[in-house]
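The primary structure of each chain is shown beneath.
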Amino acid sequence: MWSFISTWAFSSQAAEAGAELLKSGGRAMDAVIEGIHRVESNPEVDCVGRGGFLNEKGELALDAAVMDGDTLKTGAVCAVRGFEHPVDIARALMDKTRHNILVGEGAEEFARKMGIPESAMEDLITETARENWRKAAGIGHDTIGAIALDEHGSMAVATSTSGANMKLCGRVGDSPIIGSGFYAESGVGGACATGWGEDIMRTCCSFRCVSLMAAGMSPEEAVTTVVRTAHETIVRHGGKPDCIALVCMNAKGECAAACNHREFSYAYIKEGMDAPLVLEKEPVLDKDAGNTFIDGVAGYER
């Protein structure tokens, strides 16, 4: 039984691409990579790859990660410039080295050594992204995260994002951080997150979700528990939680999602389905109306 789940409605294209591989006996890792490629190349998606959000200097700096559930090997890259597919750099890092994370120029140099194609920045930055940067407009921080289970029982997860709009140079969110933005263990399950990375990181959402499935919870129970406790823990320690959302899958291919805000959507397809379903999830609880956004910039005062 193969299965595929990914964050946000725009990821239906990723689910379609991943499903094509899985239904023909393809591997989970190839499925999540192919799915992520589709979104990274789509300039209409404003939070991933080509056309993604720009940092405070007007640069496109991308993060991505992969994890092989069979081996627990991981590859992640942060603040990468000049590459359309940072997820390919992450996979090469996982496959070719013993390292887990590379950042900035080091990740870019490694990509060149691996022969991964570069892209001109003027081709990666769209006029819409540039205009939003000029106006310091458009708060956003979404991630494409995908989990796949193949017919061999292997699981894999991958993430890709441009991070928070107008972020500080060098800022890294949860998406390339193992245990926070993603986690997968074949025979147990996988999870990936999207939302305000700082809140997701400090509550280690993805690892906790997989751990709860390992302890016997269903995907629905696990992901709901993680979102609720992450939100309530931040409140208990005097914070105001921002957006936290997760999707997850267990070793049977059963999937679920949870969030603490409205309008979170995800795409899902499994063996026997002709096309992905795009579903909107009602929040477990609603985050407070007040955010940490000041003057259109996420997380800090200018």
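Residues numbered from 1 in each chain as written. Predicted model: local features only at pLDDT ≥ 70, side-chain atom pairs only at ≥ 80, totals over all residues. Heavy atoms only, no water.

**Student:** Give me unusual backbone geometry: which residues, what numbers.
**Tutor:** Even without being a glycine, Ala79 presents a positive backbone phi close to 55°. Relative to the elements of secondary structure, Ala79 occurs in strand β3 (residues 74–80). One non-glycine residue, Met166, lies in positive phi territory at about 65°. Mapped onto the elements, Met166 comes out in the loop between β6 (155–161) and β7 (182–185). Looking at Met166, the relative accessible area reads 5%, which means it is buried. (Helix = DSSP H or I, 4+ residues; strand = E, 2+ residues; numbered from the N terminus. Buried < 20%, exposed > 50% of the residue type's maximum accessible area, 1.4 Å probe, protein only.)

**Student:** How would you summarise the pattern of salt bridges if you had to cite specific residues and measurements?
**Tutor:** In a structure, side chains of opposite charge can pair up when their charged atoms sit close to one another. Summed over all chains, the structure comprises 19 salt bridges. Arg38 serves as the salt-bridge partner of Glu34, at 3.3 Å between the closest nitrogen and oxygen. Residue Glu34 and its partner Arg38 are located together in helix α2 (residues 28–40), separated by four residues, close to a single helical turn. Glu34 sits in the partly exposed class, given a relative accessible area of 27%. Between Glu131 and Lys135 there is a salt bridge; the shortest N-O distance is 3.5 Å. Relative accessible area serves as the criterion here: at 30%, Glu131 is assigned to the partly exposed category. Under the relative-accessibility criterion, Lys135 is labelled exposed at 58%. What you see here is one network of salt bridges that share partners, running through Glu127, Glu131, Arg134 and Lys135. (Salt bridge = Lys/Arg side-chain N within 4 Å of Asp/Glu carboxyl O.)

**Student:** Could you give an account of the packing of aromatic side chains, naming the residues involved and the relevant values?
**Tutor:** Summed over the entire model, instances satisfying the criterion amount to three aromatic pairs. Ring plane angle 85° and centroid distance 5.0 Å describe the contact between Trp8 and Phe264, whose orientation is recorded as edge-to-face. One end of the pair, Trp8, is in the loop between β1 (3–7) and α1 (12–23); the other, Phe264, is in strand β11 (residues 264–270), with 256 residues separating them in the sequence. Both residues of the pair, Trp8 and Phe264, count as buried. Sitting over the face of the ring of Trp133, Arg130 holds its NZ or CZ atom 5.7 Å from the ring centroid. Over the ring of Trp196 we find Arg171, and its NZ or CZ is 5.3 Å from the ring centre. (Phe/Tyr/Trp six-rings, centres within 6.5 Å; stacked < 30°, edge-to-face > 60°. Lys NZ or Arg CZ within 6 Å of the ring centre and 35° of its normal.)

**Student:** Kindly report on helix α8 (residues 205–214), identifying the contributing residues and their values.
**Tutor:** Regarding α8, the residues found buried are Cys205, Ser206, Cys209, Val210 and Met213. What you see down the axis of α8 is that its buried residues fit within an arc of 130°, all on one side. Contacts from the buried residues of α8 go to β7, β8 (189–195), α7 (197–201), α9 (219–236) and β9 (244–250). (Arc of directions from axis to C-beta. Contact = heavy atoms within 4.5 Å.)

**Student:** Break down the side chain of Lys287 for me, citing the residues and quoting the values.
**Tutor:** Here Lys287 is to be found in the loop between β12 (277–281) and β13 (293–294). Notably, Lys287 is buried but unbridged: the nearest opposite-charge side chain belongs to Asp242, and the N-O separation is 4.3 Å. Not counting residues within four places of it along the chain, the set of residues in contact with Lys287 comprises His231, Pro241, Asp242, Cys243, Asn260 and His261. (Lys, Arg positive; Asp, Glu negative; His and termini not counted.)

**Student:** How would you sum up the sheet that holds β7? Please name residues and give values.
**Tutor:** Pairing is antiparallel in the open sheet, where four strands are placed in the order β7-β8-β9-β10. With one partner strand each, in any of the chains shown, β7 and β10 (255–259) form the two edges of the open sheet. Adjacent strand axes in the sheet meet at a mean angle of 10° when their direction is disregarded. Two elements, β9 and β10, share five bridges in a ladder whose sense is antiparallel. Across the sheet, Cys248 pairs through a bridge with Ala256, a residue of β10. In the packing of α8 onto the sheet, the strands contacted are β7, β8 and β9, and the crossing angle to β8 comes to about 150°. (Pairing = 2+ DSSP bridges. Axes fitted to C-alpha atoms, helices over the stretch in contact; angles between N-to-C directions.)

**Student:** Talk me through helix α3 (residues 86–96); I want residue IDs and the actual numbers.
**Tutor:** Within the sequence span of α3, burial applies to Pro86, Val87, Ile89, Ala90, Ala92, Leu93 and Met94. Looking at the buried side of α3, the elements it contacts are α2, β2 (62–68), β3, β4 (101–103), α4 (104–113) and β6.

**Student:** Got a sec to walk through the environment of Ala76? Specific residues and values, please.
**Tutor:** By the secondary structure assignment, Ala76 is in strand β3. Taking the relative accessible area as the measure of exposure, Ala76 reaches 0% and is therefore buried. Separated by 74 residues in the primary sequence, Ala76 and Trp2 have C-alpha atoms spaced 25 Å apart. Ignoring anything within four residues of it in the chain, the contact list for Ala76 reads Ala64, Ala65, Ala90, Leu93, Asn100, Ile101, Leu102 and Pro176.

**Student:** Describe in detail the sheet that holds β3, supporting the description with residues and values.
**Tutor:** Strands pair in a sheet through their backbones, by hydrogen bonds, and they do so in one of two ways: parallel or antiparallel. Read across the open sheet, the eight strands follow the order β4-β3-β2-β6-β5-β1-β11-β12; overall the sheet is mixed. At either end of the open sheet lies a strand with only one pairing partner, and these are β4 and β12. Taking each pair of neighbouring strands and ignoring which way they run, the sheet shows an average axis angle of 10°. Sheet topology places β1 next to strand β5 (residues 144–149); four bridges connect them, and they run antiparallel. Within the sheet, the bridge partner assigned to Ser6 lies in β5 and is Ala146. Its contacts with the sheet place α1 against β1, β5, β11 and β12, and it is angled at close to 160° to β1.

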